[in-house]
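Examining the three-dimensional arrangement
In case you want the letters, here they are:
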Amino acid sequence: MKKIYSFAMLLLAGAFALTSCEDDNESNPTLVQPTVFNVNTPSIGSGAVDLKKSTTVNFTWSQPTFTDFAAPVVPTYTIEVSPLSGTFNQAYDENKEDNTGADYVALAQTYNGTSADIPTDEINRALMLLYTGEEANFPAKQTMKIRVKAAVQDASFTEYFPIYSNVIDLNTIPYWATLTAADPEIWWLIGADIADGSWGSDIGKCVIPMQTIDGFEYDSKTGQGDIQWIGYLGGSGFKLRGALDDGWAAQWGQGDSFGTFVKNDGGSGNITVPAAGLYTVKLNTASDKLAIEAYDGSAPVFDGMAIAGSFNDWGDTPMTPCSTGWENHDWYITTSLDAGAEIKIKQAGSWDYNRGGSFVQYGGGMYVYGVANGDNLVIPESATYMILFNDITGYIRFIKQ
């Protein structure tokens, strides 16, 4: 059985507007909505998915056909997990303090195809969000109920005409994990204008991470929000990458001219600024808006930057400039530090410029917006760290190796 809906299409906004006026029914396009589609049980053999030792589970489902007389409408798919009760009556809402009665979790990532590799840590997190018992009673094995929702979205991501697949069982071996907010989603700068200009993938030497913005509240579920980088661009071209190991699947490039930027288009050009100088590159990872504008401040150019601390009797251990062929404002070093060690970032040979503060923890290390004459940075865990520093913003990032 199919349901038929009348709706007006606002082409400029890319949005759907429902209508109830019978007189308009003949002139408006009609959306034909299916009522059934199927998700397939993953092929995992007779055992259970070890959610800690594996990384993804592949799910496939059939294509429900939404049509508007002219062409099929591609729906957006969401994976929903009911890890305990197996019912889908009330969704968990991370924006609410009280989720009493919630019995399923909608995973953050959405899809437009009929196949997806679902991260096992997200499936495990769904269980952790709804589990209310003690760690000692945490289940060693758990059968989770999973279904797929298909819906049409407009330009503002409002959903219309949701339908649901059948429900399947996924046998799992879950693990106890302390729930924390998602790390901010970070993109990387790469290209002829960046670091050594080689388009290589070595962090610091070839690519530079964008930075969180001090005081910005990131989405606790997705880590999305505003990120930025401020530095010198010479006009030779660069791009943004979402990951360094995805074969350029996630990228930002330039369209027909500077100021027109396109995402995930393998045919896009290199982003080329109209004149050499200092620029602010700002990306909102939630709304997919990229802006590149001339920096309205000034910045000194340092001959050298160093780390100093208890590990070297507060002497200078030089950092390496990321860019050596043009004006540089990013620095890096890889070094081993013991838990409890105290350090600062400083101008080589002088304490006139120094940065310190208190770390913010994230999945791969920690970061801080260093302040002038701030507190010593206290290392929380013995490890080898790559330390990156931007001398315009004061942003310091430690990446555990």
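Strand order in the open sheet formed by 4 strands is β16-β17-β21-β22, with antiparallel pairing between adjacent strands. Looking along the sheet, the strands with just one partner apiece sit at the ends: β16 (211–212) and β22 (289–294).

Under the counting rule described, the total for this entry stands at 8 salt bridges. In this structure, Glu-80 engages Arg-147 in a salt bridge whose closest nitrogen and oxygen atoms are separated by 2.7 Å. Of this pair, Glu-80 sits in strand β8 (residues 76–82) while Arg-147 sits in strand β11 (residues 142–153), and the two are 67 residues apart along the sequence. Classification of Glu-80 as buried rests on a relative accessible area of 2%. A salt bridge links Asp-316 to Lys-346; the nearest nitrogen and oxygen atoms lie 2.8 Å apart. Taken together, the positions of Asp-316 in the loop between β23 (305–309) and β24 (317–318) and Lys-346 in strand β27 (residues 342–347) put the pair 30 residues apart, joining distant regions of the chain. A relative accessible area of 36% places Asp-316 in the partly exposed class. What makes Lys-346 buried here is its relative accessible area of 2%.

Turning next to the pairing of strand β34 (residues 395–400). The element β34 is extensively covered by neighbouring structure, given that 5 of its 6 residues are classed as buried. With 5 bridges connecting them, strand β30 (residues 365–369) and β34 associate as antiparallel partners. Bridged to Gly-365 within β34 is Ile-399. Note: strand β33 (residues 383–390) against β34, 5 bridges, orientation antiparallel. Pairing of Leu-388 across the sheet is with Arg-397, part of β34. In sequence, β33 turns back onto β34 through a hairpin of 4 residues, with Gly-394 there showing a positive phi of about 80°.

Analysis parameters
- Residues numbered from 1 in each chain as written.
- Predicted model: local features only at pLDDT ≥ 70, side-chain atom pairs only at ≥ 80, totals over all residues.
- Heavy atoms only, no water.
- Pairing = 2+ DSSP bridges.
- Helix = DSSP H or I, 4+ residues; strand = E, 2+ residues; numbered from the N terminus.
- Salt bridge = Lys/Arg side-chain N within 4 Å of Asp/Glu carboxyl O.
- Buried < 20%, exposed > 50% of the residue type's maximum accessible area, 1.4 Å probe, protein only.

These figures come from the coordinates and say nothing about function on their own.
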